[in-house]
Every structure is written in structure tokens, then in C-alpha cells.
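Summary of structural features
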Amino acid sequence: MPDIRIRRELLETLFALGKSQHPNEFLAILKIRNGIIEELELAPGTISGETSASFDTYMMPLDTSTAGSAHSHPSGAVRPSDADLRFFPKIGRYHIIIGAPYNDDTWRCFHANGEPFVMEVV
Ligand SMILES: [Zn+2]
């Protein structure tokens, strides 16, 4: 498994998205370049009051720059739900969950199987 890193600026953007959508969830697709996650695409139509279960039906063209996903948990629980674990493998290998109140202490990374891992911030 190669090392995976994320730009500080992108992480801050994810925190800001979480805050701006609270108490609703957001879902973003993470784009990777040269081993660093540095861009996102907001998933259309996924910003809503729905729970993660709605992500099951989410469809977007994915390509080799797609690293995985990031989404918020307004409840503050920073662990994948059953719906998340069904959704993760469809989108990529690396998944970030950001819990309220959306800061450095409330985000974690997971592999598609739900195993937590540490993502380096650069
Ligand atoms: Zn979730």
C-alpha cells in the first residue's frame, strides 16, 4: 500500500464544507495526483438531509485520478456506517470521514474495507 498524503488546503476546504452544510452531510470525490490528494469534486445532488444510505445510489464517472471520497458526519461519530462500508469500495481506496465540529481532531481516514489508517497532511 503506497503512502498517501493530502494537501492541508484541501483538508481545510473539507472542514469548511462540513461547517457550511451542517446539520446536513456533504459528499465529495477526492482526486489524486502524484500520490497527493489535492482536489475534490462535489457530488451533485448529494448535499441534502439524507443519511449516507443515499450514497448507495450515487453515480459519477470515475477515472484513474479518483482516490476515494470524503463526507461529513454531522452527528460527530467518526466511523463508517454500514451504508458507508457498502459505498466505499465503489468509489476508491481512500475515504475520509469528518465529524462535527469539523476540525483537525474530528477527521479520520479509512480504507475501503473500513480499516482506519493515518493520512499524512502536507
Ligand atoms: Zn458516513
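For the structure itself, look to the data block above.
Every chain is numbered on its own, with residues counted from 1 as its sequence reads. With pLDDT at 70 or above as the cut-off, local features in this predicted model cover only qualifying residues; side-chain atom pairs require 80 or more to be listed or tallied, and sums for whole chains, interfaces and linings still use all residues. Side-chain descriptors were evaluated using all non-hydrogen atoms of the structure, hydrogens and water having been removed beforehand.

Quick look at the pairing of strand β6 (residues 107–111)
Partly exposed residues are those whose accessible area sits between 20% and 50% of the maximum for their type, while under 20% is buried and over 50% is exposed, using a 1.4 Å probe and protein chains only. Numbering of helices and strands starts at the N terminus; helices are DSSP runs of H or I of at least 4 residues and strands are runs of E of at least 2. Most of β6 sits inside the fold, with 4 of its 5 residues counted as buried. Relative to β6, strand β5 (residues 94–99) runs antiparallel, the two sharing 5 bridges. In the strand pairing of β6, Ile96 is matched with Cys109. For two strands to count as paired, DSSP must find a minimum of two bridges between them. Pairing geometry for β6 and strand β7 (residues 116–117), over 2 bridges, is antiparallel. Following the sheet pairing, Phe110 is matched in β7 by Pro116.

Comments concerning the pattern of salt bridges
Counted as salt bridges are all cases of a side-chain nitrogen of Lys or Arg within 4 Å of a carboxyl oxygen of Asp or Glu. Within the structure shown, the criterion is met by 6 salt bridges. Across the salt bridge formed by Glu12 and Arg8, the nearest N and O atoms sit 2.8 Å from each other. Linking Glu12 with Arg8, this pair stays in helix α1 (residues 8–21), spanning 4 residues, or about one helical turn. Judged by its relative accessible area of 39%, Glu12 falls in the partly exposed class. Given a relative accessible area of 28%, Arg8 falls into the partly exposed group. Across the salt bridge formed by Arg33 and Glu39, the nearest N and O atoms sit 2.7 Å from each other. Residue Arg33 is classed as partly exposed on the basis of its relative accessible area, which comes to 45%.

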